[in-house]
Structures are given as structure tokens and as C-alpha cells.
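Residues per chain are reported as follows:
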Amino acid sequence: MSEITGGCLCGNIRYTIRGDLQMSAVCHCKNCQKQAGTAFSTIVGMTPDMITIEGEPKTYVDSGDSGNVVHRKFCPECGSPVFTEAGAAPGMIFVKAGSFDDESQFTPGMHFYTKSKHAWLPLDDSVPAFDTVPG
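The notes below deal with the structure included here. (Residues numbered from 1 in each chain as written. Predicted model: local features only at pLDDT ≥ 70, side-chain atom pairs only at ≥ 80, totals over all residues. Heavy atoms only, no water.)

Before going further, it helps to spend a moment on the nonpolar core. Core analysis: the biggest nonpolar cluster contains 18 residues, and Tyr-15, Ile-17, Met-46, Ile-51, Phe-83, Val-95 and Phe-100 have the highest contact counts within it. Only strand E2 (14-18), strand E4 (41-46), strand E8 (81-86) and strand E9 (93-96) provide two or more residues apiece to this core. In contact with Ile-51, other than residues within four places in its own chain, are Tyr-15, Thr-16, Ile-17, Met-46, Phe-83, Ile-93 and Val-95. By size, the runner-up hydrophobic cluster in this structure holds 13 residues, among which are Cys-27, Cys-32, Phe-112 and Tyr-113. (Core = buried A, V, L, I, M, F, W, Y, C linked by side-chain atoms within 4.5 Å. Buried < 20%, exposed > 50% of the residue type's maximum accessible area, 1.4 Å probe, protein only. Helix = DSSP H or I, 4+ residues; strand = E, 2+ residues; numbered from the N terminus. Contact = heavy atoms within 4.5 Å.)

Next comes the structure, spelled out in C-alpha cells:
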């Protein structure tokens, strides 16, 4: 059983993840690009019972390409994006891997929404890539 700790830039939000992650990915959708302020968002997915959260994130309600609601959760003090809950993936919580205390604990299992990937960004051919969300 693995354990991952992390939090926001100012330390107002902290979390501990216990157990085996259900997925890890790099999302290249336009909304993740804007929310992260960069070319993509690195995320890991799990069931909510696997994570303990300290602090109270603020939520911005967004919508995905599917039209489903996306709750983007961030620190109200420093603005760091930390969690996402997506209507397209009920019963899952996604944690921004950039908020890990030890970034070496993240390895991408796939890339998705590569249809909106920045042209200058090469991808590793050994990691599966999808134009939208697989499934």
C-alpha cells in the first residue's frame, strides 16, 4: 500500500492518499490548460475514501466537453489548484500531481485530450495517448 502526501503552495490545504491509485494521466484539454496556467494538468485518480484532506478548498464549477459538471477545487489563500471532481467520473476524485510533496511519485499512465495539445510539446511514444477521454 502506497502513501502520497501533498498540498497547496501556502500549506493551507494538505492531504494524504493511501492505497493504490486507480489512474494517472496528463490532461491537455483547454480548461485544464487555463486552470493550471500551463500546457497541461497532471492528475491521479482515486476513490474519495483513499484521501484525507485538511483545510477547506474553494470550488469553481466548470463544465467539460461532455457537458458534465466539473468541480475544480483550489486553495482560497494561495490559489493553488489541488483537486477535481468530474461528473463524467462519478465516485472519483482527481488530485493534481503538481501538488505532491515528492513529485517522483507521479508517472503518467496516459495522455488525453491530445487534440488540444500544444504543437511544441512532444509526447513519449511509450505512453498511450487519446484525442479525448478514453473509454
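Turning next to the layout of surface pockets. In this structure, the largest pocket encloses a volume near 650 Å³. Contributing to the lining of the largest pocket are 30 residues, with Ala-86, Ala-88, Phe-112, Tyr-113 and Val-133 lying nearest its centre. Secondary-structure elements contributing two or more residues to the lining of the largest pocket are strand E3 (23-27), helix H1 (30-36), strand E7 (69-74), E8 and E9. Across the lining of the largest pocket, the residue classes break down as 17 nonpolar, eight polar and five charged. Its boundaries defined by the atoms lining it, the second largest pocket holds a volume of some 280 Å³. Of all the secondary-structure elements, those providing two or more residues to the lining of the second largest pocket are H1 and E4. Split into classes, the residues belonging to the lining of the second largest pocket amount to five nonpolar, eight polar and one charged. (1 Å grid on protein atoms, 1.4 Å probe; cavity = no way out; pocket = protein on both sides within 12 Å on 5 of 7 lines; lining within 4 Å. Points joined across faces, edges and corners; volume = space filled by probe spheres on them. Nonpolar A, V, L, I, M, F, W, Y, C, P; charged D, E, K, R; others polar.)

This part takes up the pairing of E2. Where strand E1 (residues 3-7) and E2 come together, five bridges link them in antiparallel fashion. Note that in E2 the partner of Thr-5 across the bridge is Thr-16. In sequence, E1 turns back onto E2 through a hairpin of six residues, with Gly-11 there showing a positive phi of about 90°. As paired strands, E2 and strand E5 (residues 51-54) are joined by four bridges and run antiparallel to one another. Within the sheet, the bridge partner assigned to Ile-17 lies in E5 and is Ile-51. (Pairing = 2+ DSSP bridges.)

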